[in-house]
Amino acid sequence: MHVATRLRHALVNLSRTLPIRHATTMAGKVDPAILEALGLDPKATKIASHGGSGFASTFKLSSTVDGAEKNYFVKTGTGSDSELMFKGEHASLNAIHAVVSNLCPKSHANGVFAENPNRFFLVTDFLELGSSHPGGSGQSFAQKLAKLHTTPAPVPAGFDEPMFGFPTTTCCGSSPQDNSWKASWADFYANNRLRAILKQGVASNGADPELARAVEKTAGVVVPRLIGDDRVKGVRPVVVHGDLWSGNHGRGRIAGQGGVEEVVFDPSAVYGHSEYELGIMRMFGGFGSSFWKEYQSLVPRAEPEEEWEDRVALYELYHHLNHWALFGGGYRSGAMSIMKKLNSKYG
C-alpha cells in the first residue's frame, strides 16, 4: 500500500467500516433535538456507539416507526468546527442524493443539541456496508458517477444560470472550503481552492516562501492556461463528491431498503468541473482499470484531450496541498513535484 494511502487510512473518518461497539449510549438517552428533528418517539428509540471517527463520535440510532424498525447513522461533535462540518456534509449528501438517489445515504437533519448548546449532530440514513442483500439496481459505480457528472447543476438563488461553487461551506477532511459562487471555473479553482488552501497550510505549518511562489505561479499562470474559460471545451457545473478516495466508496444497503448498491459517503461537494473529481481518485488509487474504461466511455475526456493528464494532475495538486495543511510531512513534496512539472511545461 502506498505510504500516502496508509496515512489516509489512519487519519480519516473510519466510522463506516468499523464494527459496532455495544458499550456507551449518548448520555443514556437521545437528545430531544434529534428526536424532534426525526419525529421519533423517545420510548421507542435507542442509540449506541457505532464505529469510530477522527472527527466525530458516531452512533447507530434505532427506533420503531409505524410498527417497523428504522435505523439511522448519527455523528456528533463539539464546537463550531463540528457545526460547520456537519452543515457541509448534510448539504453535500443531499446534493448527491438529489441527482443519484441510490449512490449515497440521505441526510435527514443537522443541528444543535437541546441539552448542550456546544454540541452538534448530523443524522443520515443508516448504511449497511458489506451487506449481501439481493435486489439492488445492478448499476455499476461508473454508471452512477457518470450520471452525477453529467447532470447540470441547479441554478442557485439570486442567479439566472448555474454557477461554480456550493450553497454552504464544506470541509475536506477538517479543512473548511470557501465555496462562494463564481461564474468562472478557473477563477474558482485558483482562488477558492489553491490560494485558499495555501493560506490554511501556512497558518498550520508556518511560512514556506518556495511553496508559496510555486502555488502563485500555478494559480496565476497554469490554471488559466489549462482550465481557463476559453481553453477547455464544455465545462459546465455538475455536483462532484469532492473527497472521493477509495475509502469513501463501497458497496452497501441504504436505509434498510432494496439491495446492495455501489455507494459513496463523507462527501465535500461542490458544483464544479467533473474532472476535478478525478484528482483525488488518481492520487490514492483503488479504482481499477475496468472502472476507468467504463467511466470514460460514458464521460469522455474534455477537449483538448491531450491535456487531460495535466488537468487531472492540476486537480490532484489541491489534495496534496490540503493534506500538507492538515498533516504536514511528505505531502509538501508531492505538491512541489506536480507544480514543478506543470510550471515548467505551461508557466
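Residues numbered from 1 in each chain as written. Predicted model: local features only at pLDDT ≥ 70, side-chain atom pairs only at ≥ 80, totals over all residues. Heavy atoms only, no water.

### Thoughts on the overall build of the chain
Part 1: What the chain contains, in helices and strands, is 10 helices and 12 strands.
Part 2: A globule of 347 residues ought to have a C-alpha radius of gyration of about 20 Å, and the chain, at 20 Å, matches this closely.
Part 3: For the chain, the spread of C-alpha atoms along the three principal axes comes to 65 × 45 × 45 Å.
Part 4: Per-residue burial over the chain gives 53% buried out of 347 residues. (Helix = DSSP H or I, 4+ residues; strand = E, 2+ residues; numbered from the N terminus. Rg over C-alpha atoms; globule rule 2.2 N^0.38 Å. Buried < 20%, exposed > 50% of the residue type's maximum accessible area, 1.4 Å probe, protein only.)

### Concerning the packing of aromatic side chains
Two descriptors summarise a pair of aromatic rings, namely the distance from one centre to the other and the angle between the planes of the rings.
Part 1: Per the counting criterion, the structure on display carries 20 aromatic pairs.
Part 2: Plain terms: the ring middles of Tyr 276 and Tyr 315 are 5.7 Å apart, the flat faces sit at 85° to each other, and that makes the pair edge-to-face. Pair noted here: Tyr 276 is in helix H7 (residues 276-284) and Tyr 315 is in helix H9 (residues 308-327), with a separation of 39 residues, a long-range link. Tyr 315 carries the same exposure label as Tyr 276, and that label is buried.
Part 3: One aromatic cluster in this structure is built from Phe 164, Trp 185, Phe 188, Tyr 189, Tyr 276, Tyr 315 and Tyr 318. (Phe/Tyr/Trp six-rings, centres within 6.5 Å; stacked < 30°, edge-to-face > 60°.)

### Structural notes on unusual backbone geometry
Part 1: A cis amide bond, omega 0°, links Glu 303 with the succeeding residue Pro 304.
Part 2: With respect to the secondary-structure elements, Pro 304 resides in the loop between helix H8 (289-298) and H9.
Part 3: Its identity is not glycine, yet Ala 255 carries a phi of approximately 60°, on the positive side.
Part 4: With respect to the element layout, Ala 255 can be found in the loop between strand S10 (249-254) and strand S11 (261-264).
Part 5: Residue Asp 266 is not a glycine yet carries a positive backbone phi of 50°.

### Thoughts on the environment of Leu 93
Part 1: Tracing the sequence through the fold places Leu 93 in helix H3 (residues 79-99).
Part 2: With relative accessibility at 1%, the residue Leu 93 sits in the buried group.
Part 3: Remark: the alpha-carbon pair of Leu 93 and Ala 269, spanning 176 residues in sequence, is separated by 7.8 Å.
Part 4: Excluding anything up to four places from it in sequence, Leu 93 contacts Cys 104, Pro 105, Ser 107, Thr 124 and Pro 267. (Contact = heavy atoms within 4.5 Å.)

### With respect to the sheet that holds S11
Part 1: Reading across the sheet, the 3 strands line up as S6-S10-S11 and stay open at both edges, with antiparallel pairing between neighbours. Strands with a single pairing partner mark the edges of an open sheet, and in this sheet they are strand S6 (127-129) and S11. Neighbour to neighbour, the strand axes of the sheet diverge by 60° on average, direction disregarded.
Part 2: Sheet topology note: the S10/S11 ladder contains 4 bridges and is antiparallel. Counterpart to Gly 252 in the pairing with S11 is Glu 261. (Pairing = 2+ DSSP bridges. Axes fitted to C-alpha atoms, helices over the stretch in contact; angles between N-to-C directions.)

### Re H8
Part 1: Where H8 is concerned, the buried positions are Phe 291, Trp 292 and Tyr 295. Seen from one end, H8 has its buried residues packed into an arc of 95°, which puts them on one side. Looking at H8, the residues exposed on the side facing more than 90 degrees away from the buried face are Ser 289, Ser 290, Lys 293 and Ser 297.
Part 2: Among the structural elements, helix H4 (141-150) and H7 are those in contact with the buried residues of H8. (Arc of directions from axis to C-beta.)

### Topic: the environment of Asn 118
Part 1: Its location among the elements puts Asn 118 in the loop between strand S4 (107-112) and strand S5 (119-125).
Part 2: Counting along the chain gives 40 residues from Asn 118 to Thr 78, while the straight-line C-alpha distance between them is 5.6 Å.

### Structural notes on the pattern of salt bridges
Pairs may arise between side chains of opposite charge once their charged atoms sit close together.
Part 1: Counted under the stated rule, the structure contains 15 salt bridges.
Part 2: As a salt-bridge pair, Arg 282 and Glu 309 come within 2.8 Å of each other at their nearest N and O atoms. Note that Arg 282 is positioned in helix H7 and Glu 309 in helix H9, a separation of 27 residues in sequence.
Part 3: Salt bridges sharing common partners tie together Lys 75, Glu 89 and Asp 266. (Salt bridge = Lys/Arg side-chain N within 4 Å of Asp/Glu carboxyl O.)

### As for the pairing of strand S2 (residues 57-65)
Part 1: As paired strands, strand S1 (residues 46-49) and S2 are joined by 4 bridges and run antiparallel to one another. The partner of Lys 46 across the bridge, within S2, is Ser 62.
Part 2: Both S2 and strand S3 (residues 68-78) contribute to a ladder of 9 bridges, which runs antiparallel. Counterpart to Val 65 in the pairing with S3 is Ala 68.

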